[in-house]
Amino acid sequence: MTERIIPLIDARAGPPASPMSWPEALLGAHGQLKDTRGRSIHDLRISVTDRCNFRCTYCMPASVFDKDYAFLPQSALLSFEEIERLTRLFVAHGVEKIRLTGGEPLLRKNIEHLIERLARLTTAAGKPLEITLTTNASLLKRKAAALVNAGLKRVTVSLDAIDEDVFRAMNDVDFPVAQVLEGIEAADAAGLRPLKINMVVKRGVNDHQIIPLARHFKGTGHIVRFIEFMDVGSSNGWRMDDVVPSREVIDRLNTSFGLTTLEPNYIGEVAQRWAYTDGSGEVGVISSVTQAFCADCSRARLSTEGQLFTCLFANAGHDLRTPLRGGATDAQLTHLIASIWQPRSDRYSEIRTAQTAALRKVEMSYIGG
Ligand code: SAM
Ligand code: SF4
Ligand code: SF4
């Protein structure tokens, strides 16, 4: 049987710290929790399944994630009640935005019921939580209306090529482009516009698709974002030579269409925004390899089985499920989350080297992208 690549449980999680022991300097003006670099928790990415119906070569290579791969058993998954409870506690610490991810989040049975629960929560300032979802869109046509009715406001679709052969080779399950496009249309019609379309760019594999994909969505209102191929996990054979720097992506787009810069929507936005000079819309790049954005990183990640990760490139999570199922009170869990966030000093992308890239890290499909 193939070994499931799971993170180690970090013993540092230890007993919950008392709020009285939180150094004043680490708390913001409104008592919001800060890490050692002054970063608050703004986004929570929740992985709702470690399974996927695609085998994207850069994420879940079929040779590793094969029929014998030991995915998590149902009993290990956080229930919707447990996710809702933890989300409430994160919100008390300042989280305003939730992204549901995976694996493929639309494979999780009745995912709309979770969205319904989360959509009822409000931020510390009394505003509705911003709930988004990242999907490969294979089930989006079927699910779009239910997701919107449940309270989903935005969706990001991953699409790595507009060329049929390239896309089928990259998802490695022979999934057709047309069905992804139908999912995008259904989401648009259901009110989830504008959509974000993410393309992971790998040199020599799909970089010749940058211009055709941009052209396909130019003028539609949807925003294509080109993502640098990252050294997440330990199974995708990442090499720096495979990364197409965002600067090069922008140069190519600028030559073909003409671009001008746009201001970020908010501090800490990971995508750099550009507008087509002819007014036909917006594109973005996410440069986590060549231009690290750790300084503003306010993202926490909750794995399918309830481990809290403070960095995408970690090899260890902090177990929240055991105390959650062991009868911990809300106050104890709140303090536990604080005791994990407060000493956070992650800045992996700032210190990436060939050596760090080779280290064992948690898989993207487990932690959620
Ligand atoms: N299955 C869903 C999907 O593909 O949209 C959600 C989970 S997937 C892990 C989330 C995002 O991570 C996708 O946009 C995917 O392309 C991206 N991703 C996965 N592996 C990556 C890698 N090594 N480098 C950059 N992005 C990656
Ligand atoms: Fe599945 Fe998304 Fe990973 Fe592709 S990127 S294998 S769709 S989890
Ligand atoms: Fe955040 Fe870690 Fe990525 Fe830096 S490397 S931006 S700390 S997730």
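Since this is a predicted model, take the numbers as computed values, not measurements.

## A closer look at the packing of aromatic side chains
Each aromatic ring pair is specified by the distance between its two centres and by the angle formed by the two planes.
Part 1 of the reasoning: Counting across every chain of the model gives eight aromatic pairs.
Part 2 of the reasoning: Judged by centre distance (5.0 Å) and plane angle (45 degrees), the ring pair of F54 and F175 falls under tilted. Residue F54 is located in the loop between β2 (43-47) and α1 (80-92), and its partner F175 is located in the loop between α4 (164-171) and α5 (177-190); the two are separated by 121 residues in the primary sequence.
Part 3 of the reasoning: Residue F175 is classed as buried on the basis of its relative accessible area, which comes to 13%.
Part 4 of the reasoning: On the numbers, 4.5 Å between centres and 20 degrees between planes, the contact of F313 with Y348 is stacked. Of this pair, F313 sits in the loop between β12 (307-309) and β13 (316-319) while Y348 sits in the loop between α9 (330-341) and α10 (354-357), and the two are 35 residues apart along the sequence.
Part 5 of the reasoning: Under the relative-accessibility criterion, F313 is labelled buried at 9%.
Part 6 of the reasoning: The class for Y348 is buried, based on a relative accessible area of 10%.

## Here we look at the confidence of the model for the chain
Part 1 of the reasoning: Across the chain, the average pLDDT comes to 90, with 92% of residues at 70 or higher.
Part 2 of the reasoning: Per-residue pLDDT stays below 50 along residues 1-30; that stretch engages in 69 contacts with residues further than four places along the chain or on separate chains.

## Quick notes on the packing of α1 against helix α2 (residues 111-119)
Part 1 of the reasoning: Look at α1 against α2: their axes get within 10 Å of each other, and the N-to-C directions meet at 30 degrees. Looking at the two axes, α1 sits roughly parallel to α2. Here the hand of the crossing between α1 and α2 comes out right-handed. Contacts from F80, E81, I83, E84 and T87 of α1 reach α2 at I111, H113, L114, R117 and L118.

## Structural notes on the environment of G284
Part 1 of the reasoning: Here G284 is to be found in strand β10 (residues 282-286).
Part 2 of the reasoning: Residues G284 and A187 lie 97 residues apart in sequence; the distance between their C-alpha atoms is 20 Å.
Part 3 of the reasoning: The residues touching G284, leaving out its near neighbours within four places in the chain, are V224, R225, F226 and Q272.

## Thoughts on the site of ligand 3
Part 1 of the reasoning: What surrounds ligand 3 is the set F293, C294, C297, R299, R301, C311, L312, F313, R344, D346, Y348 and S349.
Part 2 of the reasoning: The class makeup of the residues in the shell around ligand 3 is seven nonpolar, one polar and four charged.

## Details of the pairing of β10
Regular strands place their side chains on alternate faces of the sheet.
Part 1 of the reasoning: Counted residue by residue, β10 has five buried out of five residues, so it is predominantly covered.
Part 2 of the reasoning: Both faces of β10 are covered, namely the face carrying E282, G284 and I286 and the face carrying V283 and V285.
Part 3 of the reasoning: In this structure, strand β7 (residues 223-228) lies alongside β10, joined through four bridges in parallel fashion. Opposite I227, over in β10, you have I286 as the bridge partner.

## Here we look at the pairing of strand β3 (residues 97-101)
Part 1 of the reasoning: Counting buried positions over the five residues of β3 gives five, a clear majority of the element.
Part 2 of the reasoning: What you see with β3 is no split at all: K97, R99 and T101 on one side and I98 and L100 on the other are buried throughout.
Part 3 of the reasoning: Relative to β3, β2 is paired through five bridges, and the arrangement is parallel. When the sheet's bridge partners are listed, I46 is paired in β3 with L100.
Part 4 of the reasoning: At this point the chain moves from β2, through α1, to the parallel β3, and the crossover so formed is right-handed.
Part 5 of the reasoning: Note that β3 and strand β4 (residues 130-135) share four bridges and pair parallel. Among the inter-strand pairings, I98 is bridged to a residue of β4, identified as I131.

Calculation notes
- Residues numbered from 1 in each chain as written.
- Chains lettered and ligands numbered in written order.
- Predicted model: local features only at pLDDT ≥ 70, side-chain atom pairs only at ≥ 80, totals over all residues.
- Heavy atoms only, no water.
- Phe/Tyr/Trp six-rings, centres within 6.5 Å; stacked < 30°, edge-to-face > 60°.
- Helix = DSSP H or I, 4+ residues; strand = E, 2+ residues; numbered from the N terminus.
- Buried < 20%, exposed > 50% of the residue type's maximum accessible area, 1.4 Å probe, protein only.
- pLDDT = per-residue confidence, 0-100.
- Contact = heavy atoms within 4.5 Å.
- Axes fitted to C-alpha atoms, helices over the stretch in contact; angles between N-to-C directions.
- Parallel < 35°, antiparallel > 145°, perpendicular 65-115°, else oblique.
- Left-handed = near helix turned anticlockwise from the far one by under 90°.
- Near = heavy atom within 4 Å.
- Nonpolar A, V, L, I, M, F, W, Y, C, P; charged D, E, K, R; others polar.
- Pairing = 2+ DSSP bridges.
- Right-handed = clockwise from strand over helix to strand, strands pointing away.

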